[in-house]
Amino acid sequence: MSLNHTFATLDNLLAYEPNIQEYGALDWDAELAKSQTEVVRILSVRWWPQYSKQFKVNITIVGQMAIMDPQRLDGDQWTQATVYHCLAYHICPKLTQFSPETDRFQVMMNYYQGRFEHEMDLAIREGVKYDINLDGEIAAFEKLPDTYLRIRR
């Protein structure tokens with residue numbers, strides 16, 4: 001498994017919403033890039049603090065906080081979450097009228113917000129693929145699940 005630094009492309013977006021280009025915008029790359037940044041930000045808050053405590057390696061420290069390097073993440077693991085985030089927080093808000101009557105884009109926005117949270121939760125619980133030793137591959141020991149069958153202290 002090699003590292004992919006682009007989490008999602010227009011083709012990935014079209015796989016989930018094939019008609020998304022019919023609403024006037026043909027290119028959603030900027031929105032996908034914003035969503036990738038947000039997914040990384042969420043990981044650095046929800047997942048990284050606990051994961052960084054597991055390894056005693058040379059990592060970047062700022063103050064008392066170890067900094068997560070997004071280049072070490074496996075982008076393929078975050079494609080679905082990035083697409084859901086993009087639809088929920090960037091694309092649908094641009095397409096809706098935000099009128100008192102709910103339109104299809106407000107419904108889609110709510111749906112994809114829920115799907116995004118569900119996907120992030122599952123991926124973190126399953127184990128984030130992070131190349132801690134910088135060898136370009138993610139070994140089994142580098143993918144620690146968030147849940148264990150024992151008590152953690």
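One can find the structure itself at the top, above this paragraph.
Residues numbered from 1 in each chain as written. Predicted model: local features only at pLDDT ≥ 70, side-chain atom pairs only at ≥ 80, totals over all residues. Heavy atoms only, no water.

### Looking at the state of the cysteines
Our working rule: Disulfides are defined in this document as cysteine sulfur pairs within 2.5 Å. Here's how the labels work: a residue is buried when its accessible area is under 20% of the maximum for its type, exposed when over 50%, partly exposed in between, all with a 1.4 Å probe on protein chains only.
For the coordinates displayed, the defined rule picks out zero disulfides. Cysteine Cys86 shares no disulfide, and the gap to the nearest cysteine sulfur, in Cys92, comes to 9.1 Å. Classification of Cys92 by relative accessible area gives buried; the value is 0%.

### Points about the packing of aromatic side chains
Note the following rule: Aromatic pairing here means that ring centres of Phe, Tyr or Trp (its six-membered ring) are within 6.5 Å. Orientation follows from the plane angle: under 30 degrees is stacked, over 60 is edge-to-face, and everything else is tilted. Secondary structure elements follow DSSP: runs of H or I of four or more residues count as helices, runs of E of two or more count as strands, with numbering from the N terminus.
Enumeration according to the criterion identifies 11 aromatic pairs in this entry. Residues Trp48 and Tyr130 carry aromatic rings whose centres are separated by 5.1 Å and whose planes lie at 55° to one another, so their mutual orientation is tilted. Separated by 82 residues along the polypeptide, Trp48 in helix H3 (residues 48-54) and Tyr130 in the segment after helix H5 (104-126) bring together distant segments of the chain. What makes Trp48 buried here is its relative accessible area of 2%. For Tyr130, a relative accessible area of 1% gives the class buried.

### Quick word on helix H4 (residues 79-95)
How we decide: Fitting axes to the seven residues that end at a residue and to the seven that start at it, the angle between those axes gives the bend at that residue.
In the structure, H4 departs most strongly from a straight axis at Leu87, where the bend amounts to approximately 40°. When you tally the buried positions in H4, you get 13 out of 17 residues, the bulk of the element.

### Notes on the nonpolar core
Stated formally: Here, nonpolar core means buried Ala, Val, Leu, Ile, Met, Phe, Trp, Tyr and Cys residues that are tied together by side-chain atoms lying within 4.5 Å of each other. Whether two residues are in contact is decided by their heavy atoms, any of which lying within 4.5 Å being enough.
Ranked by size, the top nonpolar core spans 37 residues in total, and within it Leu43, Trp47, Leu73, Trp78 and Met120 carry the most contacts. Secondary structure elements with two or more residues in this core: helix H1 (10-16), helix H2 (29-46), H3, H4 and H5. Those residues in contact with Met120 that lie beyond four places of it in its chain are Val39, Ile42, Leu43, Arg46, Trp78 and Ala81.

### Let's talk about the pattern of salt bridges
Here is the rule: Salt-bridge detection follows one rule: a side-chain nitrogen of Lys or Arg within 4 Å of a carboxyl oxygen of Asp or Glu.
In total, this model carries five salt bridges according to the counting rule given. Two residues, Arg46 and Glu117, come together in a salt bridge whose shortest N-O distance is 3.0 Å. With a gap of 71 residues between them, Arg46 in helix H2 and Glu117 in helix H5 connect regions that are remote in the sequence. Judged by relative accessible area, which is 42%, Arg46 ranks as partly exposed. One salt bridge connects Arg125 with Asp121, and the closest N-O pair in it is separated by 3.2 Å.

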